[in-house]
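Spelled out, the chains give:
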Amino acid sequence: MLVVRAINENDLDALYSMATQVGTGMTTLKPDMKMLGDRLATACASFAETIPPEQRDYMFVMEDTSNGRIAGVCAIKGAVGLTEPFYNYRIGTLVHSSRELNVFTKMDTLYLSNDLTGSSELCSLFLHPDYRQGHNGKLLSKSRFLFIAQFPHLFTQKIIAEMRGYQAEDGSSPFYEGLGRHFFKMDFHHVDDLTALGKKSFIAELMPRQPLYIDYLPKEAQEVVGQVHKSTAPARRLLEQEGLHYEGYVDIFDAGPVLQARVSELRAMRDSELAVVAPDTDMTHACAPAHPEPTLVSNTVLKDFRMIITQATPVNGEIDLSTQDLQLLRCHMGDTVRTLPLNVRKNNV
Ligand SMILES: CC(C)(COP(=O)(O)OP(=O)(O)OC[C@H]1O[C@@H](n2cnc3c(N)ncnc32)[C@H](O)[C@@H]1OP(=O)(O)O)[C@@H](O)C(=O)NCCC(=O)NCCSC(=O)CCC(=O)O
Ligand SMILES: NC(=[NH2+])NCCC[C@H](N)C(=O)O
(Lines give C-alpha, C1' and ligand atoms only; values in the text may rest on other atoms or scores of the structure.)
(Ligands and ions follow the chains in the order given, each with its own letter.)
Protein backbone atom coordinates (compact mmCIF):
# COMPACT_ATOMS: atom_id res chain seq x y z
CA MET A 1 0.00 0.00 0.00
CA LEU A 2 1.20 3.50 -0.78
CA VAL A 3 1.05 6.48 1.53
CA VAL A 4 2.38 9.99 0.94
CA ARG A 5 3.62 11.39 4.23
CA ALA A 6 5.64 14.22 5.75
CA ILE A 7 9.34 13.44 5.39
CA ASN A 8 11.36 12.62 8.52
CA GLU A 9 15.01 12.37 9.62
CA ASN A 10 15.24 8.70 8.61
CA ASP A 11 14.52 9.40 4.94
CA LEU A 12 17.86 10.99 4.00
CA ASP A 13 19.45 7.94 2.35
CA ALA A 14 16.32 7.22 0.31
CA LEU A 15 16.14 10.89 -0.73
CA TYR A 16 19.77 10.79 -1.86
CA SER A 17 19.20 7.63 -3.82
CA MET A 18 16.23 9.20 -5.63
CA ALA A 19 18.24 12.36 -6.36
CA THR A 20 20.85 10.21 -8.17
CA GLN A 21 18.17 9.24 -10.71
CA VAL A 22 16.38 12.46 -11.62
CA GLY A 23 18.86 13.91 -14.16
CA THR A 24 19.64 17.46 -15.27
CA GLY A 25 17.20 20.28 -14.83
CA MET A 26 15.71 19.15 -11.49
CA THR A 27 17.34 22.01 -9.72
CA THR A 28 15.94 21.24 -6.29
CA LEU A 29 16.93 17.56 -6.24
CA LYS A 30 20.66 17.11 -6.72
CA PRO A 31 22.60 14.12 -5.36
CA ASP A 32 24.52 16.19 -2.82
CA MET A 33 24.35 14.77 0.71
CA LYS A 34 25.08 18.08 2.44
CA MET A 35 22.46 19.97 0.44
CA LEU A 36 19.82 17.28 0.89
CA GLY A 37 20.64 16.98 4.60
CA ASP A 38 20.18 20.74 5.06
CA ARG A 39 16.94 20.64 3.12
CA LEU A 40 15.65 17.71 5.17
CA ALA A 41 16.45 19.60 8.38
CA THR A 42 14.45 22.59 7.07
CA ALA A 43 11.57 20.28 6.15
CA CYS A 44 11.50 18.73 9.63
CA ALA A 45 11.57 22.21 11.20
CA SER A 46 8.73 23.21 8.85
CA PHE A 47 6.43 20.39 9.97
CA ALA A 48 7.43 21.07 13.59
CA GLU A 49 6.58 24.77 12.98
CA THR A 50 9.82 25.97 14.55
CA ILE A 51 10.67 28.31 11.63
CA PRO A 52 8.51 31.09 10.11
CA PRO A 53 6.05 30.09 7.33
CA GLU A 54 7.94 31.93 4.57
CA GLN A 55 11.12 29.92 5.28
CA ARG A 56 9.36 26.58 5.28
CA ASP A 57 9.87 23.75 2.83
CA TYR A 58 7.31 20.97 3.28
CA MET A 59 8.76 17.81 1.75
CA PHE A 60 6.72 14.65 1.36
CA VAL A 61 7.73 11.13 0.43
CA MET A 62 5.66 8.31 -1.01
CA GLU A 63 6.28 5.13 1.01
CA ASP A 64 5.43 1.62 -0.12
CA THR A 65 4.40 0.12 3.22
CA SER A 66 4.65 -3.44 1.87
CA ASN A 67 8.46 -3.21 1.73
CA GLY A 68 9.34 0.12 3.38
CA ARG A 69 10.69 1.47 0.09
CA ILE A 70 10.51 5.21 -0.70
CA ALA A 71 8.91 5.46 -4.14
CA GLY A 72 8.73 9.21 -4.70
CA VAL A 73 9.15 12.72 -3.38
CA CYS A 74 7.47 16.12 -3.76
CA ALA A 75 7.52 19.45 -1.94
CA ILE A 76 5.92 22.85 -1.35
CA LYS A 77 8.03 25.86 -0.40
CA GLY A 78 6.40 28.55 1.73
CA ALA A 79 7.81 31.44 -0.33
CA VAL A 80 10.54 32.00 -2.90
CA GLY A 81 12.89 34.92 -3.47
CA LEU A 82 12.85 36.44 0.01
CA THR A 83 16.51 35.83 0.83
CA GLU A 84 17.98 36.19 -2.65
CA PRO A 85 16.45 37.48 -5.90
CA PHE A 86 14.21 35.07 -7.82
CA TYR A 87 14.49 35.57 -11.58
CA ASN A 88 12.33 34.58 -14.52
CA TYR A 89 11.84 35.82 -18.03
CA ARG A 90 8.44 37.34 -18.66
CA ILE A 91 7.36 37.16 -22.25
CA GLY A 92 6.03 40.57 -23.15
CA THR A 93 5.08 42.32 -26.34
CA LEU A 94 6.70 45.27 -28.09
CA VAL A 95 4.94 46.90 -31.00
CA HIS A 96 6.80 48.79 -33.73
CA SER A 97 4.39 50.60 -35.89
CA SER A 98 4.44 53.28 -38.54
CA ARG A 99 1.17 54.54 -39.89
CA GLU A 100 2.92 56.42 -42.68
CA LEU A 101 4.65 53.32 -43.98
CA ASN A 102 1.71 51.11 -43.09
CA VAL A 103 3.95 48.79 -41.05
CA PHE A 104 2.83 47.15 -37.85
CA THR A 105 5.12 44.63 -36.13
CA LYS A 106 4.34 42.88 -32.87
CA MET A 107 7.41 41.28 -31.30
CA ASP A 108 7.59 38.79 -28.42
CA THR A 109 10.21 39.97 -25.97
CA LEU A 110 11.94 38.47 -22.94
CA TYR A 111 12.10 40.68 -19.87
CA LEU A 112 14.22 39.68 -16.89
CA SER A 113 11.83 39.93 -13.93
CA ASN A 114 11.46 39.35 -10.21
CA ASP A 115 7.65 39.40 -10.54
CA LEU A 116 7.09 36.05 -8.83
CA THR A 117 8.97 37.03 -5.67
CA GLY A 118 7.19 35.86 -2.52
CA SER A 119 5.07 33.18 -4.21
CA SER A 120 4.73 29.72 -2.69
CA GLU A 121 6.24 27.01 -4.89
CA LEU A 122 5.38 23.43 -5.78
CA CYS A 123 8.59 21.58 -6.60
CA SER A 124 10.77 18.45 -6.45
CA LEU A 125 8.21 16.06 -7.92
CA PHE A 126 9.81 12.71 -8.72
CA LEU A 127 8.32 9.23 -8.83
CA HIS A 128 10.65 6.25 -9.19
CA PRO A 129 10.12 4.71 -12.66
CA ASP A 130 9.21 1.34 -11.01
CA TYR A 131 6.14 3.05 -9.57
CA ARG A 132 4.94 5.02 -12.62
CA GLN A 133 1.68 3.15 -13.01
CA GLY A 134 -1.98 3.41 -12.07
CA HIS A 135 -2.82 6.45 -9.96
CA ASN A 136 0.58 6.70 -8.25
CA GLY A 137 1.81 9.84 -10.03
CA LYS A 138 -1.51 11.53 -9.36
CA LEU A 139 -1.45 10.62 -5.68
CA LEU A 140 2.06 12.01 -5.34
CA SER A 141 1.49 15.32 -7.13
CA LYS A 142 -2.07 16.02 -6.02
CA SER A 143 -1.63 15.12 -2.37
CA ARG A 144 0.05 18.52 -1.93
CA PHE A 145 -3.20 20.27 -2.76
CA LEU A 146 -4.92 18.60 0.19
CA PHE A 147 -2.17 19.97 2.41
CA ILE A 148 -2.66 23.47 1.00
CA ALA A 149 -6.45 23.23 1.37
CA GLN A 150 -6.04 22.10 4.97
CA PHE A 151 -3.52 24.81 5.90
CA PRO A 152 -4.08 27.71 3.46
CA HIS A 153 -2.85 30.27 6.01
CA LEU A 154 0.68 28.86 5.60
CA PHE A 155 0.86 29.90 1.95
CA THR A 156 0.91 33.15 0.05
CA GLN A 157 -1.86 34.15 -2.37
CA LYS A 158 0.02 32.97 -5.42
CA ILE A 159 1.41 29.50 -6.01
CA ILE A 160 3.87 28.67 -8.80
CA ALA A 161 5.72 25.67 -10.21
CA GLU A 162 8.85 25.93 -12.36
CA MET A 163 8.72 23.09 -14.84
CA ARG A 164 11.84 21.45 -16.23
CA GLY A 165 12.48 22.88 -19.68
CA TYR A 166 12.95 21.11 -22.99
CA GLN A 167 16.15 19.16 -23.52
CA ALA A 168 17.43 17.50 -26.71
CA GLU A 169 18.18 13.75 -26.71
CA ASP A 170 21.79 14.44 -25.68
CA GLY A 171 20.65 16.43 -22.62
CA SER A 172 21.53 19.83 -24.04
CA SER A 173 19.12 22.76 -23.84
CA PRO A 174 18.54 24.50 -27.20
CA PHE A 175 17.41 27.66 -25.40
CA TYR A 176 20.55 27.74 -23.28
CA GLU A 177 22.75 27.12 -26.30
CA GLY A 178 21.07 30.02 -28.11
CA LEU A 179 21.18 32.51 -25.24
CA GLY A 180 22.79 31.70 -21.87
CA ARG A 181 25.89 30.15 -23.42
CA HIS A 182 26.94 33.56 -24.79
CA PHE A 183 27.07 35.03 -21.30
CA PHE A 184 28.18 32.23 -19.01
CA LYS A 185 30.86 30.44 -21.04
CA MET A 186 30.05 27.15 -19.34
CA ASP A 187 27.78 24.27 -20.23
CA PHE A 188 24.14 23.89 -19.22
CA HIS A 189 24.79 21.11 -16.69
CA HIS A 190 27.29 23.26 -14.85
CA VAL A 191 24.90 26.20 -14.70
CA ASP A 192 22.15 23.87 -13.50
CA ASP A 193 24.43 22.59 -10.72
CA LEU A 194 25.35 26.14 -9.66
CA THR A 195 21.67 27.03 -9.61
CA ALA A 196 21.01 24.09 -7.33
CA LEU A 197 23.74 25.27 -4.98
CA GLY A 198 21.83 28.51 -4.49
CA LYS A 199 23.96 30.47 -6.95
CA LYS A 200 21.11 31.29 -9.32
CA SER A 201 20.95 34.97 -8.51
CA PHE A 202 24.72 35.23 -8.92
CA ILE A 203 24.49 33.73 -12.39
CA ALA A 204 21.42 35.74 -13.26
CA GLU A 205 23.41 38.89 -12.68
CA LEU A 206 25.49 37.98 -15.72
CA MET A 207 22.37 38.10 -17.90
CA PRO A 208 21.69 41.16 -20.08
CA ARG A 209 19.22 43.55 -18.47
CA GLN A 210 17.72 44.79 -21.72
CA PRO A 211 14.60 43.22 -23.20
CA LEU A 212 15.52 40.53 -25.76
CA TYR A 213 13.58 39.96 -28.97
CA ILE A 214 12.73 36.26 -29.24
CA ASP A 215 12.94 36.54 -33.04
CA TYR A 216 16.68 37.22 -32.72
CA LEU A 217 17.29 33.81 -31.11
CA PRO A 218 18.18 30.76 -33.22
CA LYS A 219 15.09 28.89 -34.47
CA GLU A 220 15.79 25.87 -32.19
CA ALA A 221 15.83 28.16 -29.15
CA GLN A 222 12.64 29.98 -30.20
CA GLU A 223 10.78 26.71 -30.61
CA VAL A 224 11.31 25.52 -27.04
CA VAL A 225 10.24 28.65 -25.16
CA GLY A 226 7.59 27.45 -22.70
CA GLN A 227 8.15 23.76 -23.62
CA VAL A 228 8.72 21.13 -20.94
CA HIS A 229 11.24 18.28 -20.72
CA LYS A 230 9.71 15.10 -22.12
CA SER A 231 9.49 13.37 -18.73
CA THR A 232 7.90 16.49 -17.23
CA ALA A 233 4.84 16.55 -19.52
CA PRO A 234 2.76 14.38 -17.09
CA ALA A 235 3.77 16.66 -14.18
CA ARG A 236 2.54 19.69 -16.12
CA ARG A 237 -0.76 18.00 -16.98
CA LEU A 238 -1.39 17.12 -13.32
CA LEU A 239 -0.86 20.71 -12.17
CA GLU A 240 -3.07 22.06 -14.95
CA GLN A 241 -5.86 19.73 -13.78
CA GLU A 242 -5.61 21.38 -10.35
CA GLY A 243 -5.92 24.92 -11.68
CA LEU A 244 -2.39 26.09 -12.49
CA HIS A 245 -1.65 27.58 -15.89
CA TYR A 246 1.09 29.11 -17.98
CA GLU A 247 1.02 32.90 -18.07
CA GLY A 248 4.15 33.65 -20.06
CA TYR A 249 6.90 33.32 -17.42
CA VAL A 250 9.80 31.00 -18.24
CA ASP A 251 13.06 29.82 -16.71
CA ILE A 252 16.02 32.04 -17.57
CA PHE A 253 18.27 29.11 -18.50
CA ASP A 254 16.15 26.50 -20.28
CA ALA A 255 12.89 28.48 -20.90
CA GLY A 256 10.83 25.84 -19.06
CA PRO A 257 7.35 27.24 -18.32
CA VAL A 258 6.34 28.55 -14.91
CA LEU A 259 2.79 27.50 -14.05
CA GLN A 260 0.85 29.63 -11.61
CA ALA A 261 -2.47 30.04 -9.83
CA ARG A 262 -4.11 31.97 -7.05
CA VAL A 263 -4.29 29.62 -4.07
CA SER A 264 -7.96 30.53 -3.60
CA GLU A 265 -8.73 29.29 -7.12
CA LEU A 266 -7.19 25.83 -6.80
CA ARG A 267 -9.59 22.93 -7.36
CA ALA A 268 -8.80 21.59 -3.89
CA MET A 269 -9.87 24.86 -2.25
CA ARG A 270 -13.22 24.55 -3.97
CA ASP A 271 -13.88 20.81 -4.04
CA SER A 272 -12.09 19.29 -1.05
CA GLU A 273 -14.20 18.70 2.04
CA LEU A 274 -13.85 17.59 5.61
CA ALA A 275 -15.48 14.31 6.67
CA VAL A 276 -15.68 12.43 9.95
CA VAL A 277 -14.55 8.81 9.94
CA ALA A 278 -17.62 6.73 10.76
CA PRO A 279 -18.93 3.26 9.93
CA ASP A 280 -21.44 2.95 7.10
CA THR A 281 -25.08 3.30 8.18
CA ASP A 282 -28.19 2.33 6.19
CA MET A 283 -28.72 6.00 5.52
CA THR A 284 -25.17 6.73 4.19
CA HIS A 285 -25.15 3.41 2.34
CA ALA A 286 -28.31 4.40 0.47
CA CYS A 287 -26.72 7.73 -0.56
CA ALA A 288 -23.37 6.25 -1.63
CA PRO A 289 -22.65 6.32 -5.39
CA ALA A 290 -23.10 3.00 -7.23
CA HIS A 291 -19.70 3.34 -8.96
CA PRO A 292 -17.40 5.12 -6.55
CA GLU A 293 -14.56 7.16 -8.01
CA PRO A 294 -11.12 7.10 -6.37
CA THR A 295 -10.80 9.73 -3.65
CA LEU A 296 -7.73 11.37 -2.13
CA VAL A 297 -7.90 11.40 1.66
CA SER A 298 -5.56 13.01 4.16
CA ASN A 299 -5.48 13.30 7.91
CA THR A 300 -5.54 16.84 9.29
CA VAL A 301 -2.40 16.78 11.44
CA LEU A 302 0.33 19.15 10.25
CA LYS A 303 3.32 17.43 11.81
CA ASP A 304 2.39 13.94 10.60
CA PHE A 305 0.43 14.74 7.44
CA ARG A 306 -0.46 11.56 5.51
CA MET A 307 -2.44 11.00 2.29
CA ILE A 308 -3.79 7.95 0.46
CA ILE A 309 -6.14 7.03 -2.37
CA THR A 310 -9.27 5.14 -1.35
CA GLN A 311 -12.42 3.86 -3.06
CA ALA A 312 -14.50 5.10 -0.10
CA THR A 313 -16.61 8.19 -0.84
CA PRO A 314 -17.70 10.83 1.69
CA VAL A 315 -21.48 10.90 2.20
CA ASN A 316 -23.21 13.60 4.24
CA GLY A 317 -19.96 14.63 5.96
CA GLU A 318 -18.98 11.07 6.91
CA ILE A 319 -16.62 8.53 5.38
CA ASP A 320 -16.26 4.82 6.05
CA LEU A 321 -12.54 3.99 5.75
CA SER A 322 -11.13 0.45 5.95
CA THR A 323 -8.88 -0.57 8.85
CA GLN A 324 -5.95 -0.53 6.45
CA ASP A 325 -6.76 3.01 5.26
CA LEU A 326 -7.00 4.16 8.88
CA GLN A 327 -3.63 2.62 9.69
CA LEU A 328 -2.01 4.34 6.72
CA LEU A 329 -3.49 7.68 7.77
CA ARG A 330 -2.89 7.05 11.50
CA CYS A 331 -6.54 7.90 12.09
CA HIS A 332 -9.33 6.45 14.21
CA MET A 333 -13.12 6.40 14.15
CA GLY A 334 -14.40 9.89 14.94
CA ASP A 335 -11.34 11.69 13.52
CA THR A 336 -11.75 14.31 10.80
CA VAL A 337 -10.11 13.76 7.43
CA ARG A 338 -10.01 15.87 4.26
CA THR A 339 -11.18 14.39 0.96
CA LEU A 340 -10.90 15.37 -2.71
CA PRO A 341 -12.06 13.39 -5.77
CA LEU A 342 -8.85 12.22 -7.48
CA ASN A 343 -10.07 13.13 -10.94
CA VAL A 344 -11.43 16.43 -12.11
CA ARG A 345 -15.21 16.20 -12.50
CA LYS A 346 -16.11 16.44 -16.19
CA ASN A 347 -18.24 19.57 -15.81
CA ASN A 348 -15.42 21.32 -13.86
CA VAL A 349 -12.67 21.71 -16.46
C1 LIG B 1 5.67 13.59 -12.90
C2 LIG B 1 5.48 12.16 -12.51
C3 LIG B 1 5.52 12.01 -11.00
C4 LIG B 1 4.05 11.70 -12.98
O5 LIG B 1 3.88 10.32 -12.79
P6 LIG B 1 3.41 9.37 -14.01
O7 LIG B 1 4.45 9.48 -15.07
O8 LIG B 1 3.11 8.02 -13.49
O9 LIG B 1 2.08 10.11 -14.46
P10 LIG B 1 0.79 9.57 -15.26
O11 LIG B 1 -0.23 9.22 -14.24
O12 LIG B 1 1.17 8.54 -16.26
O13 LIG B 1 0.33 10.86 -16.05
C14 LIG B 1 -0.22 11.95 -15.39
C15 LIG B 1 -1.14 12.69 -16.35
O16 LIG B 1 -0.35 13.20 -17.46
C17 LIG B 1 -0.87 12.71 -18.68
N18 LIG B 1 0.26 12.55 -19.59
C19 LIG B 1 1.13 11.53 -19.65
N20 LIG B 1 2.05 11.75 -20.61
C21 LIG B 1 1.75 12.95 -21.16
C22 LIG B 1 2.32 13.73 -22.20
N23 LIG B 1 3.40 13.34 -22.85
N24 LIG B 1 1.74 14.93 -22.48
C25 LIG B 1 0.65 15.37 -21.80
N26 LIG B 1 0.06 14.65 -20.81
C27 LIG B 1 0.61 13.47 -20.49
C28 LIG B 1 -1.54 11.41 -18.32
O29 LIG B 1 -2.52 11.04 -19.29
C30 LIG B 1 -2.19 11.78 -16.99
O31 LIG B 1 -3.34 12.59 -17.16
P32 LIG B 1 -4.86 11.98 -17.18
O33 LIG B 1 -5.11 11.43 -15.86
O34 LIG B 1 -5.68 13.17 -17.47
O35 LIG B 1 -4.88 10.94 -18.25
C36 LIG B 1 6.56 11.28 -13.20
O37 LIG B 1 6.34 11.29 -14.60
C38 LIG B 1 7.96 11.72 -12.90
O39 LIG B 1 8.53 11.43 -11.85
N40 LIG B 1 8.62 12.41 -13.88
C41 LIG B 1 10.05 12.69 -13.88
C42 LIG B 1 10.44 13.82 -13.00
C43 LIG B 1 9.98 15.19 -13.45
O44 LIG B 1 10.25 15.58 -14.59
N45 LIG B 1 9.29 15.87 -12.55
C46 LIG B 1 8.76 17.17 -12.76
C47 LIG B 1 9.79 18.24 -12.67
S48 LIG B 1 9.07 19.86 -12.53
C49 LIG B 1 8.71 19.97 -10.87
O50 LIG B 1 9.14 19.22 -10.05
C51 LIG B 1 7.75 21.05 -10.47
C52 LIG B 1 6.34 20.60 -10.59
C53 LIG B 1 5.79 19.88 -9.37
O54 LIG B 1 6.42 19.86 -8.31
O55 LIG B 1 4.65 19.40 -9.50
N1 LIG C 1 15.54 24.10 -15.22
C2 LIG C 1 14.41 24.36 -14.76
N3 LIG C 1 13.50 24.98 -15.44
N4 LIG C 1 14.19 23.94 -13.57
C5 LIG C 1 12.97 24.09 -12.90
C6 LIG C 1 13.09 23.31 -11.68
C7 LIG C 1 12.47 21.94 -11.77
C8 LIG C 1 11.63 21.62 -10.62
N9 LIG C 1 10.73 22.69 -10.30
C10 LIG C 1 12.46 21.28 -9.39
O11 LIG C 1 11.91 21.32 -8.36
O12 LIG C 1 13.62 20.94 -9.41
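To start, this report covers the structure provided alongside it. (Residues numbered from 1 in each chain as written. Chains lettered and ligands numbered in written order. Predicted model: local features only at pLDDT ≥ 70, side-chain atom pairs only at ≥ 80, totals over all residues. Heavy atoms only, no water.)

Re the overall build of the protein chain
In step 1: Per the secondary structure count, the protein chain includes 11 helices and 15 strands.
In step 2: For the protein chain, whose C-alpha radius of gyration is 22 Å, the value lies close to the compact-globule estimate of 20 Å for 349 residues.
In step 3: When the backbone C-alpha atoms are referred to their principal axes, the protein chain occupies close to 80 × 50 × 40 Å.
In step 4: The 349 residues of the protein chain split such that 52% are buried.
In step 5: Sequence separation of at least 24 residues holds for 71% of the intrachain contacts in the protein chain that already meet a minimum separation of 6. (Helix = DSSP H or I, 4+ residues; strand = E, 2+ residues; numbered from the N terminus. Rg over C-alpha atoms; globule rule 2.2 N^0.38 Å. Buried < 20%, exposed > 50% of the residue type's maximum accessible area, 1.4 Å probe, protein only. Contact = heavy atoms within 4.5 Å.)

Details of the site of ligand 1
In step 1: In the vicinity of ligand 1 lie 23 residues, with L127, K138, R144, T232 and Q241 positioned nearest.
In step 2: For ligand 1, a nitrogen atom lies 3.2 Å from a polar atom in the backbone of S231.
In step 3: For ligand 1, whose free accessible area comes to 1,100 Å², the fraction covered by protein is 74%.
In step 4: Tallying contributions element by element places helix 8 (residues 233-241) first for the shell around ligand 1, with 7 residues.
In step 5: Class assignment for the residues of the shell around ligand 1 results in 12 nonpolar, 5 polar and 6 charged. (Near = heavy atom within 4 Å. Polar contact = N/O pair within 3.5 Å; in protein donor to acceptor, adjacent residues only side chain to side chain. Areas by Shrake-Rupley, 256 points an atom, 1.4 Å probe, with all protein chains shown as cover. Nonpolar A, V, L, I, M, F, W, Y, C, P; charged D, E, K, R; others polar.)

Overview of the pattern of salt bridges
In step 1: As enumerated under the stated definition, the model contains 16 salt bridges in all.
In step 2: Of the charged contacts, one joins D193 and K30 as a salt bridge, the two residues approaching to 3.3 Å between their closest N and O atoms. In this pair, D193 sits in helix 6 (residues 188-204) while K30 sits in the loop between helix 1 (12-19) and helix 2 (33-47), placing the two residues 163 residues apart along the sequence.
In step 3: Note on D193: relative accessible area 37%, which makes it partly exposed. (Salt bridge = Lys/Arg side-chain N within 4 Å of Asp/Glu carboxyl O.)

Thoughts on the site of ligand 2
In step 1: Looking at ligand 2, the residues that line it are G25, M26, T27, T28, C123, S124, E162, M163, R164, G165, D251 and D254.
In step 2: Taking M163, its main chain carries an N or O atom lying 3.2 Å from a nitrogen atom of ligand 2.
In step 3: Protein contacts shield 94% of the accessible area of ligand 2, which totals 340 Å² for the unbound molecule.
In step 4: Taken together, the residues of the shell around ligand 2 sort by class into 3 nonpolar, 5 polar and 4 charged.

Quick look at the packing of helix 3 (residues 136-150) against helix 8
In step 1: Interaxial distance between helix 3 and helix 8 falls to 10 Å at its minimum, and their mutual angle equals 40°. Here helix 3 lies oblique to helix 8, going by the angle between them. Where helix 3 crosses over helix 8, the two elements pack in a sense that is right-handed. Judged by residue contacts, G137, K138, S141, K142, R144 and F145 of helix 3 engage L238, L239 and Q241 from helix 8.
In step 2: Looking at the contact of helix 3 with helix 8 residue by residue, the class counts come to 3 nonpolar, 3 polar and 3 charged. (Axes fitted to C-alpha atoms, helices over the stretch in contact; angles between N-to-C directions. Parallel < 35°, antiparallel > 145°, perpendicular 65-115°, else oblique. Left-handed = near helix turned anticlockwise from the far one by under 90°.)

Quick look at the side chain of Q222
In step 1: For Q222, the position within the fold is in helix 7 (residues 219-223).
In step 2: In terms of polar contacts, Q222 uses its side chain to reach the backbone carbonyl oxygen of D215, at 3.1 Å.
In step 3: Apart from the residues within four sequence positions on either side, Q222 is in contact with I214, D215 and L217.

A look at the side chain of D325
In step 1: Structurally, the position occupied by D325 is in helix 11 (residues 323-329).
In step 2: Buried charge D325 goes without a salt bridge, the closest partner of opposite sign being R306 at 11 Å.
In step 3: Here the side chain of D325 touches T310 through a polar contact of 2.9 Å, side chain to side chain.
In step 4: Filtering out sequence-adjacent residues up to four positions away, D325 remains in contact with I308 and T310. (Lys, Arg positive; Asp, Glu negative; His and termini not counted.)

So, helix 1
In step 1: Three or more residues of helix 1 are buried, namely L15, M18 and A19. Buried residues in helix 1, looked at end-on, bunch into an arc of 100°, giving them a common side.
In step 2: Elements in contact with the buried residues of helix 1: helix 2, strand 2 (57-64), strand 3 (69-77) and strand 6 (120-127). (Arc of directions from axis to C-beta.)

What to know about the packing of helix 1 against helix 2
In step 1: With their axes 10 Å apart at the nearest point, helix 1 and helix 2 run at an angle of 130° to one another. Relative to helix 2, the element helix 1 is oriented oblique. In this structure, helix 1 meets helix 2 at a crossing whose hand is right-handed. Contacts from L12, D13, L15, Y16 and A19 of helix 1 reach helix 2 at M33, L36, G37 and L40.
In step 2: Classifying every residue of the contact of helix 1 with helix 2 gives 7 nonpolar, 1 polar and 1 charged.

Just geometry here; none of it tells us what the structure is for.
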